[in-house]
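# Residue-level structural notes
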Protein chains: 2
Amino acid sequence: MKQLDVCLTPDLLHLHKLENSIVVVADVFRATSCMVTGLAYGVKSITPVATVEECKALQEKGYLAAAERDAMKVEGFDLDNSPFSYMSEKVIGAHIAMTTTNGTLSIAKAKTTAVKVMVGAFLNLGALVNQLRSEQYDVLVLCAGWKGRPNLEDTLFAGALAEALKDQFILVEDGALMAQRLYMQGRDNLPGFVANSSHVRRLQRLGIQKDITYSLQSDLYDVVPILRGNQLVALH
Amino acid sequence: MKQLDVCLTPDLLHLHKLENSIVVVADVFRATSCMVTGLAYGVKSITPVATVEECKALQEKGYLAAAERDAMKVEGFDLDNSPFSYMSEKVIGAHIAMTTTNGTLSIAKAKTTAVKVMVGAFLNLGALVNQLRSEQYDVLVLCAGWKGRPNLEDTLFAGALAEALKDQFILVEDGALMAQRLYMQGRDNLPGFVANSSHVRRLQRLGIQKDITYSLQSDLYDVVPILRGNQLVALH
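Since the model is a prediction, treat every value here as computed from it, not as a measurement. (Residues numbered from 1 in each chain as written. Chains lettered and ligands numbered in written order. Predicted model: local features only at pLDDT ≥ 70, side-chain atom pairs only at ≥ 80, totals over all residues. Heavy atoms only, no water.)

## Things to note about the relation of the copies chain A and chain B
For these two chains of identical sequence, chain A goes onto chain B by a turn of 180° and a shift of 0.0 Å along the axis, with RMSD 0.0 Å. What we have between these two chains is a two-fold relation. Across chain A, the smallest distance between a C-alpha and the rotation axis is recorded for Leu182 of chain A, namely 3.3 Å. The fraction of interface residues of chain A whose copies in chain B are also interface residues reaches 100%, indicating that both copies meet through the same surface. (Least-squares fit on C-alpha atoms with pLDDT ≥ 70 in both. Contact = heavy atoms within 4.5 Å.)

## Observations concerning the interface of chain A and chain B
Opposite the 33 residues of chain A that make contact, chain B presents 33 residues. Across the interface of chain A and chain B, roughly 2700 Å² is buried in total on both sides, 53% from carbon and sulfur atoms. For chain A, the biggest contributors to the area lost against chain B are Arg149, Met178 and Arg181 of chain A; these three give 26% of the whole. Here chain A and chain B share 2 salt bridges between them. The interface formed by chain A and chain B includes 14 residue pairs in polar contact (both at pLDDT 80 or more). (Buried area = accessible area lost by both parts, 1.4 Å probe. Salt bridge = Lys/Arg side-chain N within 4 Å of Asp/Glu carboxyl O. Polar contact = N/O pair within 3.5 Å; in protein donor to acceptor, adjacent residues only side chain to side chain.)

## Thoughts on the packing of aromatic side chains
Residue and element names in this part refer to chain A. If you walk through the whole model with that rule in mind, you get 6 aromatic pairs over all chains. The interplanar angle of 75° and the centroid separation of 6.1 Å between the aromatic rings of Tyr41 and Tyr221 together place this pair among those described as edge-to-face. In this pair, Tyr41 is assigned in the loop between helix 1 (31-40) and strand 3 (45-48) and Tyr221 in the loop between helix 9 (209-215) and strand 10 (225-228), connecting sequence segments 180 residues apart. Classification of Tyr41 by relative accessible area gives partly exposed; the value is 34%. You can call Tyr221 buried: its relative accessible area is 16%. Against the face of Phe77 rests Lys56, its NZ or CZ located 5.2 Å from the ring centre. Above the plane of the ring of Phe84 lies Lys210, whose end atom (NZ or CZ) is 4.3 Å from the centre. (Phe/Tyr/Trp six-rings, centres within 6.5 Å; stacked < 30°, edge-to-face > 60°. Helix = DSSP H or I, 4+ residues; strand = E, 2+ residues; numbered from the N terminus. Buried < 20%, exposed > 50% of the residue type's maximum accessible area, 1.4 Å probe, protein only. Lys NZ or Arg CZ within 6 Å of the ring centre and 35° of its normal.)

## Topic: the pairing of strand 1 (residues 2-7) of chain A
Residues and elements named next belong to chain A. Taken across its 6 residues, strand 1 has 5 buried, putting it largely inside the fold. Across 3 bridges, strand 1 lies against strand 9 (residues 169-171) in parallel orientation. Paired with Lys2 across the strands is Phe169, a residue of strand 9. Where strand 1 meets strand 8 (residues 138-143), 4 bridges bridge the pair, whose relative direction is parallel. Among the inter-strand pairings, Asp5 is bridged to a residue of strand 8, identified as Leu140. (Pairing = 2+ DSSP bridges.)

## Some thoughts on the packing of helix 6 (residues 174-186) of chain A against helix 5 (residues 152-165) of chain B
Between helix 6 of chain A and helix 5 of chain B, the shortest axis-to-axis distance is 10 Å and the interhelical angle comes to 45°. For the element pair helix 6 of chain A / helix 5 of chain B, the angle class is oblique. Contacts from Asp174, Leu177, Met178 and Arg181 of chain A of helix 6 of chain A reach helix 5 of chain B at Leu152, Glu153 and Thr155 of chain B. (Axes fitted to C-alpha atoms, helices over the stretch in contact; angles between N-to-C directions. Parallel < 35°, antiparallel > 145°, perpendicular 65-115°, else oblique.)

## Digging into the pattern of salt bridges
All names here are of chain A. Here the structure, examined in full by the defined rule, presents 8 salt bridges over all chains. A salt bridge links Asp211 to Arg30; the nearest nitrogen and oxygen atoms lie 2.8 Å apart. Of this pair, Asp211 sits in helix 9 while Arg30 sits in the loop between strand 2 (21-26) and helix 1; the two residues are 181 residues apart in sequence, bridging distant segments of the chain. Of the two residues, Asp211 and Arg30, neither departs from the other in class, the shared state being buried.

Such coordinate-based values are descriptive only and should not be taken to indicate function.
Right under this line is the structure:
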């Protein structure tokens, strides 16, 4: 039977073997919710980069550029880290360069050894579940967390995936078990369940409650972003 | 208001500032449950050491020695990692040297910068709660985990402490929040709630279900182990 494991933060990734695994990176608030939304709205590719400078360099080559640090848009870029900024005609067919505090770093870490890297969010949960069932590989859900620390929303997403896949996969360690149980506790009211989390408090101060509510919806889009080379594209 | 934070594994300790904190180390199965039991039964001091060799060296100086690796007793030592081996006349007044896979490592990491290091288990939960309420410092609960990974039982203990202290302390980050919620979910039947955890499965293969059941009992002992120099002693 295939195995499903959960890594609660990229700072613990060194403890996991990825040689036979698809890594699903989750940064629910808001990087991976943006990526899923963008690709669903017709973005051609998203190139995650580590630094603001790399993002700027790609912008100068004609990419639309999105840079976020500490949950805020960096000056001089085209898109911010709200999924709503990806629901626009200008993104259709566009190549996007993106750097964020946690999500793009996790993708960079995962791609060094994983068989495949996919991107997950509640928004594409069902599509991802179907895809992972059809693959022959183990799965590691990599929660992006917040500056190395675990966070509630990404853990809940990992739990949702574990719950959906538990009949086809063995949940190998306690990370997966804890995530699944937290999800079962919160599933009937995710916005209420995350309301006191540190990241939600951080985001609420920025006045972006609508991004939170939006990003906690399941199965809005039937798209699975997958990393090909340095670019995330929609898997067909 | 004082702050309570939870670090789910020693591999994430670098993300926490300890300069104003009491660190409570928890390795419920079974190092810290042994320590609490031993000090309650009259052990004079417990010296946690990193290696089997150091443990052996102290044994040669007259210490009772306890060495565990991968949940099993190492050959040639006096005590194993079962709390029941500390319920004996031979431990009264004894100085003990102890090395374990996860617990003693966590203590070693914590003592470099924390204001004080205490040892926690369900067995001394109430005593610890009273002590921490009376202190002026923040609290970091350091879960020993399993070889760098978070585990369920230590997270549940952290959650029990967070729940008990939530009126006197701010739960600062999502680690504390997740632990508290898992504890609330499992509190009415902790043995059932941990039954599928990876460590319990590991221990059950070794036939030590009674250690598990014992270690999940709250408030058996009114003792708070505290590190003085290199020795854990009962706080008076």
